[in-house]
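# A closer look at the structure
Here is how the chains run, residue by residue.
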Amino acid sequence: MCCVSQRETMEVESEVSTFLEEEKMVRQEEEEEEDIVCLDEAFFINDNYQLTTYTFGSHVLQLFCLQSASTDFDLTGQLVWPGAMLLNDYLSKNAEMLQGCSMIELGSGVGITGMLCSRFCHQILLTDHNDEVLKILRRNIELNTSSENPSCCAALEAEKLEWGNSDHINSILHKYPGGFDLILGADICFQQSSVPLLFDTVEQLLRNRGSGHCKFILAYVSRAKMMDSMVITEATRHGMLINEVAGTRSVVANLEGVIFEITLC
């Protein structure tokens, strides 16, 4: 009869355990390899831009944009969104508020609001966080500031701005130490995680200019009750007053939209 000692038993169990762990690691590596997506990022980029004409009151604008959404959620700025139509309609009817102002727009996308404002403001900075969107934004600035388009009277520029990024914000404030009279945003509240960062950025821009000297005009399109509440909550949490502009609530692209005027308390 062969007797196996306790020590030998433990050694065998240890070897089995090590073997099973190695097998598990091999399977995990194989699964990870199977999950690799072999697609270049360019696969998701749609740059089939078309020169499109938009009319707001007596103002006719032309710019390049997509006619349908890209497959990349991060490239929403390649389209003209319903909120931009709402904001431009409001601004075209209240152009006196733009006359001679300096303005920064957050989430400019293709720049349709900036192009309209360039006919009244003296200085405009259009911003976006996405490099691909910034390309088409700069192309539209070039189109609308050419000698063939004498309607533009403002200094139009584009900068990268990721909301909540202190380096980006500080760089802009260093370049524009006097700040801005107006902050504009159109249809930029649709992702929950970005809303606190948006209001962090707006607060810094408002405080740089000082209470009573700058306001944030937001064209908001309602897509979820949760987001409706969050926008108001975040504005309040950042020490701001948020007021609905009378007569601006309307239906845009089958959604309810409204213009908010937001200032420091």
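In this text the structure is predicted, and so the values were computed from the model without any measurement. (Residues numbered from 1 in each chain as written. Predicted model: local features only at pLDDT ≥ 70, side-chain atom pairs only at ≥ 80, totals over all residues. Heavy atoms only, no water.)

This next bit is on the overall build of the chain. A tally of helices and strands in the chain yields seven helices and ten strands. Out of the 265 residues in the chain, the part that is buried amounts to 45%. For the chain, the share of sequence-separated contacts (at least 6 apart) that also reach a separation of at least 24 residues comes to 67%. Per element, the accessible surface of the chain, about 14400 Å² overall, is 50% carbon and sulfur. (Helix = DSSP H or I, 4+ residues; strand = E, 2+ residues; numbered from the N terminus. Buried < 20%, exposed > 50% of the residue type's maximum accessible area, 1.4 Å probe, protein only. Contact = heavy atoms within 4.5 Å. Areas by Shrake-Rupley, 256 points an atom, 1.4 Å probe, with all protein chains shown as cover.)

This brings us to the side chain of Ser92. Of note, Ser92 is situated in helix α2 (residues 82–93). Apart from the residues within four sequence positions on either side, Ser92 is in contact with Phe56, Gly57, His59 and Leu116.

Now for the layout of surface pockets. As a volume, the largest pocket reaches approximately 600 Å³. Lining the largest pocket we find 30 residues, and of these Thr76, Gly107, His129, Trp163 and Phe190 sit closest to its centre. Of the residues contributing to the lining of the largest pocket, the split by class is 14 nonpolar, eleven polar and five charged. (1 Å grid on protein atoms, 1.4 Å probe; cavity = no way out; pocket = protein on both sides within 12 Å on 5 of 7 lines; lining within 4 Å. Points joined across faces, edges and corners; volume = space filled by probe spheres on them. Nonpolar A, V, L, I, M, F, W, Y, C, P; charged D, E, K, R; others polar.)

Now for the packing of helix α6 (residues 195–209) against helix α7 (residues 225–237). One way to put it is that α6 packs onto α7 with a least axis distance of 10 Å and a crossing angle of 35°. The hand of the α6/α7 crossing is right-handed. Residues Val195, Pro196 and Phe199 of α6 pack against Met227, Met230, Val231, Glu234, Ala235 and Arg237 of α7. Looking at side-chain class alone, the contact of α6 with α7 contains seven nonpolar, no polar and two charged residues. (Axes fitted to C-alpha atoms, helices over the stretch in contact; angles between N-to-C directions. Left-handed = near helix turned anticlockwise from the far one by under 90°.)

The final tally for this structure, using the stated rule, is four aromatic pairs. Summarising the aromatic geometry, the rings of Trp81 and Phe190 are spaced 5.1 Å apart at their centres and angled 15° between planes, so their arrangement reads as stacked. Here Trp81 is found in the loop between β2 (59–65) and α2, whereas its partner Phe190 is found in the loop between β6 (182–186) and α6, with 109 residues between them in sequence. One cation-aromatic arrangement involves Arg139 over Phe64; the distance from NZ or CZ to the ring centre is 3.8 Å. (Phe/Tyr/Trp six-rings, centres within 6.5 Å; stacked < 30°, edge-to-face > 60°. Lys NZ or Arg CZ within 6 Å of the ring centre and 35° of its normal.)

To continue, consider the nonpolar core. Across soluble globular proteins, nonpolar side chains show a tendency to be buried alongside one another. Of all hydrophobic cores here, the largest spans 44 residues; its most connected members are Leu87 and Leu91. Among the elements that line this core, the one with the most residues is α2, at five residues. Within the second largest apolar cluster, 33 residues are counted, among which are Leu125, Phe199, Leu206 and Ala235. (Core = buried A, V, L, I, M, F, W, Y, C linked by side-chain atoms within 4.5 Å.)

Our focus in this paragraph is the pattern of salt bridges. Evaluation of the coordinates by the stated rule reveals twelve salt bridges. For Lys160, the salt bridge identified is with Asp131, shortest N-O distance 3.2 Å. Of this pair, Lys160 sits in strand β5 (residues 155–160) while Asp131 sits in helix α4 (residues 131–144), placing them 29 residues apart in sequence. Take Asp131: its relative accessible area is 47%, and that puts it in the partly exposed class. Each of Glu157, Glu159 and Lys175 takes part in one network of salt bridges that share partners. (Salt bridge = Lys/Arg side-chain N within 4 Å of Asp/Glu carboxyl O.)

The next subject is unusual backbone geometry. Despite not being glycine, Asp187 shows a phi value in the positive range, around 60°. The phi torsion at Asn254 lies on the positive side, around 65°, for a residue other than glycine. Residue placement: Asn254 occurs in the loop between β9 (250–252) and β10 (255–264).

On to α7. Its 13 residues place the ends of α7 18 Å apart at the C-alpha level, agreeing with the 18 Å of an ideal helix rising 1.5 Å per residue. Residues of α7 that are buried include every one of Met227, Asp228, Met230, Val231, Glu234 and Ala235, and no others. Within α7, the buried residues cover an arc of 170° as seen down the axis, which keeps them to one side. Exposed side of α7, more than 90 degrees from the buried face: Lys225, Thr236 and Arg237 are the residues found there. Downstream of α7 by a residue or two, Gly239 has a phi angle that is positive, lying close to 75°. (Expected span 1.5 Å × (residues − 1). Arc of directions from axis to C-beta.)

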